[in-house]
Amino acid sequence: MTDKQNPQQQVNEVAEEKPLISIKTGNKTVDHSITRLSRLVSWFQAIPAVAHFIRAGERFNDRLGSQFGAAITYFSFLSLIPILMVSFAAVGFILASHPDLLTELINKIVSNISDPTLATTLKNTVNTAIQQRTTVGLTGLLIALYSGISWMGNLREAIRAQSRDVWERNPTDKEKIYFKYSRDFISLTGLVLALIITLSLTSVAGAAQALIVSALGLDHIEWLRPAMTVIALSISIFANYLLFLWIFWILPRHKPRKKALFRGTLLAAIGFEIIKFIMTLTLPKLASSPSGAAFGSVLGLMAFFYFFARLTLFCAAWIATAQYPDDKKMPEPGNHSPH
């Protein structure tokens, strides 16, 4: 701006300079907002519970938790084939010892299938399954035993990878093959027993509470329904707790601290119940579509195994990264890195 400019030109230049001042002021406001947001994020991350989840997530990712979860899902799905063979053989034994059931099954096949060729094929398949039930059952049992032990071994190694103080496997972690398979067989037997107890507890408790309500004539009381739902949910979470407690206590080589173990097991039990609830809601919708009718059950089963594996490994990492003031055995913060 010079002295020779008239007043109108001076006003125009001042008007042109105002947006520059506004932009500069706006930048300061944005910088201040970013600083406040950064401080808020830092404060949130410093909360002990949040910091614990962050440490667990870092260990889970650094130690290939997603890859281990995919491997466990593959072996879980593969183990179903011999289990189906054993189930098929068991049905064959039942039908062979109960001719009335066999006749009823064949009649339903004939009546429900309009194509005579397909009906004949299915009848021959049922007869073949009955005749070869012993061979199919023994073969399936042996394959199921081998695949189950292998599945348990993979689950054990995945959990140990999350639980070890360092990523690399120590020479002392290597076991002789006969000792390894014996340990995995015992672990598999214990897991099956824990699973049976869990399912039995859930089923018996659910049936018992329904019988008690009916026996007392309290079916018409509306407020009892939410209370019974809460009771059933609590029993189911308790059953899940027993299952995961066995997994996190038996499979790692180094026993975790009890406080971290009990809290991490509760986290896994609640997470597993959420997974079951979500699968209960999504599977019927998935099966209603044409493609879902053909592949929905397979996809749903694989998704269930995958989320179960990821939840188990993440909670194992959560237990391993727990830090408490009275805990002197926890590793240094830098030891959860794979390098």
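Residues numbered from 1 in each chain as written. Predicted model: local features only at pLDDT ≥ 70, side-chain atom pairs only at ≥ 80, totals over all residues. Heavy atoms only, no water.

## Remarks on the pattern of salt bridges
Line of reasoning, step 1. This structure, assessed with the given rule, holds 2 salt bridges.
Line of reasoning, step 2. A salt bridge links R156 to D184, with the shortest nitrogen-to-oxygen separation between them at 3.0 Å. Residue R156 is found in helix 6 (residues 133–163), and its partner D184 is found in helix 7 (residues 177–215); the two are separated by 28 residues along the sequence. With respect to burial, R156 and D184 carry one shared label: buried.
Line of reasoning, step 3. Across the salt bridge formed by K276 and E273, the nearest N and O atoms sit 3.1 Å from each other. Of this pair, K276 and E273 both sit in helix 9 (residues 258–288), 3 residues apart, which is roughly one turn of the helix.
Line of reasoning, step 4. Given the relative accessible area of 15%, E273 is considered buried. (Salt bridge = Lys/Arg side-chain N within 4 Å of Asp/Glu carboxyl O. Helix = DSSP H or I, 4+ residues; strand = E, 2+ residues; numbered from the N terminus. Buried < 20%, exposed > 50% of the residue type's maximum accessible area, 1.4 Å probe, protein only.)

## Focus: the nonpolar core
A general trend in soluble globular proteins is that nonpolar side chains are found buried together.
Line of reasoning, step 1. Membership of the largest hydrophobic core comes to 34 residues, with the highest contact counts inside it found for I72, I159, F244, I247 and F248.
Line of reasoning, step 2. Elements with a contribution of two residues or more to this core: helix 2 (48–62), helix 6, helix 7, helix 8 (224–250), helix 9 and helix 10 (290–320).
Line of reasoning, step 3. The leading source of residues in this core is helix 10, at 9 residues.
Line of reasoning, step 4. Ignoring anything within four residues of it in the chain, the contact list for F244 reads T265, A268, A269, F272, F308, L311 and T312. (Core = buried A, V, L, I, M, F, W, Y, C linked by side-chain atoms within 4.5 Å. Contact = heavy atoms within 4.5 Å.)

## Remarks on unusual backbone geometry
Line of reasoning, step 1. Of note in the backbone geometry, L64 takes a positive phi value of approximately 60° without being a glycine.
Line of reasoning, step 2. As for its placement among the helices and strands, L64 is situated in the loop between helix 2 and helix 3 (65–97).

## Regarding helix 2
Line of reasoning, step 1. An ideal rise of 1.5 Å per residue puts 21 Å on 15 residues; helix 2 measures up with 21 Å between its terminal C-alpha atoms.
Line of reasoning, step 2. Three or more residues of helix 2 are buried, namely V50, A51, H52, R55, A56, G57, R59 and F60.
Line of reasoning, step 3. Positive backbone phi, at 60°, marks L64, one or two positions downstream of helix 2. (Expected span 1.5 Å × (residues − 1).)

## Details of the environment of M279
Line of reasoning, step 1. Its place among the elements puts M279 in helix 9.
Line of reasoning, step 2. Sequence separation between M279 and L301 is 22 residues, and the spatial gap between their C-alpha atoms is 9.3 Å.
Line of reasoning, step 3. Setting aside residues up to four positions removed in sequence, M279 forms contacts with P284, G300, A303 and F304.

In short, the description is geometric, and any link to function would need to be established separately.
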